[in-house]
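What follows is each chain in one-letter form.
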Amino acid sequence: MPEEERLVEERLVEERLGAVFAAAGAEGALHAVDIDGPGEAGCRPDEPVVVASVFKVLLVLEFTRQSEAGQLDPRERVRVGADRRLGGWGTGGCLDDVELSLRDLAHFAMAVSDNTAADLLMERVGQDTVALLAGELGLANTRIVGGPRQLLESMLAEVGARDEREFAAVFPTLSPERVRALGVHDPARTNASTPRDMTRLLRMVWRDEAGPPRACAQVRDLMARQVFRHRLPAGFGDGVRVTAKTGTLPGLHNEVGVAEFPDGGRYAVAVFARTPDLVANHTQTDVAIGAAARTAVDLLRASRSGHPVRPGVMRPGV
């Protein structure tokens, strides 16, 4: 394809994807790739983004790699007491102490995005090793500065709260500008990446190139256990298997995952959306994430079939 024609098609794709987010009152950055081919589609795919809980994919991958290498015993028991709980889903919401294995921590971190489980798992595998793994896999624009506890402590310090209870009382009084100025909203100061880096990570996991095949298979299995189905999966039909991981902060709505079609087609998608409203739940944006992902994948499938992108034409891949 001539360079000029390629650039025109890329612009059309970016405009089409941008319009999906704009219709929901949001801004988005997205990248999608054909796992088994050269096709890609995107909207600001190289924009630095806050990953939030999406970082848990990299964390769990490091855990499975260490497990396969015999560096740790996945059955090792961990006690989760009141002093370790960070609140939220899973073990963080327990009223009593619980004990579980490292591999069950990985399960909760992926299935319900359990921050307490992820924090304990990060402590065991090592923050530095997770950061080094990103470099090893060629994720040049991905940075890991800490786990959930470190990020929570940074927010407490920035607003002058002594503990989570005080933070919960102070946070609603903060102006939108003050909230957006927090380090957790700044890709330069928190765990961050780009949509393109995240699809590279997923592609490597699905192709058994991110570590030993058994380690990659475990990551795929754990991602498949995620209970949240309101973003990427909502954009695809029942016949399409979608394996994904969410990431959410007030005003930030993310999900990365892989859509696998009955005909064998596999597509990695990473979507990062921002909304003016500083809320964790924004239904229109969640729907837009699924719609944008499906639009990008349909374009890839149409291109794979030899149908180029044309203005005003959308040929869905089925």
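As shown above, the structure is provided for reference.
Conventions and cut-offs
Residues numbered from 1 in each chain as written. Predicted model: local features only at pLDDT ≥ 70, side-chain atom pairs only at ≥ 80, totals over all residues. Heavy atoms only, no water. Helix = DSSP H or I, 4+ residues; strand = E, 2+ residues; numbered from the N terminus. Expected span 1.5 Å × (residues − 1). Buried < 20%, exposed > 50% of the residue type's maximum accessible area, 1.4 Å probe, protein only. Contact = heavy atoms within 4.5 Å. Polar contact = N/O pair within 3.5 Å; in protein donor to acceptor, adjacent residues only side chain to side chain. Core = buried A, V, L, I, M, F, W, Y, C linked by side-chain atoms within 4.5 Å. Phe/Tyr/Trp six-rings, centres within 6.5 Å; stacked < 30°, edge-to-face > 60°. Lys NZ or Arg CZ within 6 Å of the ring centre and 35° of its normal. 1 Å grid on protein atoms, 1.4 Å probe; cavity = no way out; pocket = protein on both sides within 12 Å on 5 of 7 lines; lining within 4 Å. Points joined across faces, edges and corners; volume = space filled by probe spheres on them. Nonpolar A, V, L, I, M, F, W, Y, C, P; charged D, E, K, R; others polar.

### Topic: helix α2 (residues 56–68)
Here α2 is 13 residues long and its end C-alpha atoms lie 18 Å apart, about the 18 Å a rise of 1.5 Å per residue gives. Counted residue by residue, α2 has 12 buried out of 13 residues, so it is predominantly covered. The complete set of buried residues in α2 reads K56, V57, L58, L59, V60, L61, E62, F63, T64, R65, Q66 and S67. Positive backbone phi, at 75 degrees, marks G70, one or two positions downstream of α2.

### Digging into the environment of D36
Mapped onto the elements of the fold, D36 is located in the loop between β1 (27–34) and β2 (40–43). Along the chain, D36 and P212 lie 176 residues apart, while their C-alpha atoms are 19 Å from each other. The residues contacting D36, other than those within four sequence positions of it, are R207, G264, R266 and R304. Within the local environment of D36, its side chain forms a polar contact with the side chain of R266, the two groups lying 2.8 Å apart.

### Description of helix α9 (residues 195–206)
Taking 1.5 Å per residue, 12 residues should reach 16 Å; α9 reaches 17 Å between its end C-alpha atoms and fits that length. When α9 is considered as a whole, its buried residues turn out to be P195, D197, M198, T199, L201, L202, M204, V205 and W206. Downstream of α9 by one or two residues, D208 has phi in the positive range, about 60 degrees.

### Some remarks on the nonpolar core
With 50 residues, the main nonpolar core has L58, L137 and L201 as its most contacted residues. In contact with L58, other than residues within four places in its own chain, are V130, L133, A134, L137, L139, T142, I144 and L201. Listed in part, the 27 residues of the second largest apolar core include L30, A32, A41 and A259.

### Thoughts on the packing of aromatic side chains
Per the stated rule, a full pass over the model turns up four aromatic pairs. Aromatic side chains F167 and F171 sit 5.5 Å apart centroid to centroid with 40 degrees between the ring planes, which places their arrangement in the tilted category. Given a relative accessible area of 24%, F171 falls into the partly exposed group. Taken together through their ring pairs, the aromatic side chains of F236, F261 and Y267 make up a single cluster. Between R301 and the ring centre of F261, over which it is positioned, the NZ or CZ distance is 3.9 Å.

### So, empty space enclosed by the protein
Within the structure shown, the criterion is met by two cavities of 30 Å³ or more. There is about 40 Å³ of room inside the second largest cavity. A per-class count over the lining of the second largest cavity returns six nonpolar, one polar and no charged.

### Here we look at the layout of surface pockets
The space that makes up the largest pocket amounts to roughly 1100 Å³. Residue lining of the largest pocket: 36 residues in total, with S53, N115, T248, L249 and P250 positioned closest to the centre. Put simply, the parts of the chain that give the lining of the largest pocket at least two residues each are α6 (148–159), α7 (164–170) and β7 (241–249). Classifying every residue of the lining of the largest pocket gives 19 nonpolar, 13 polar and four charged.

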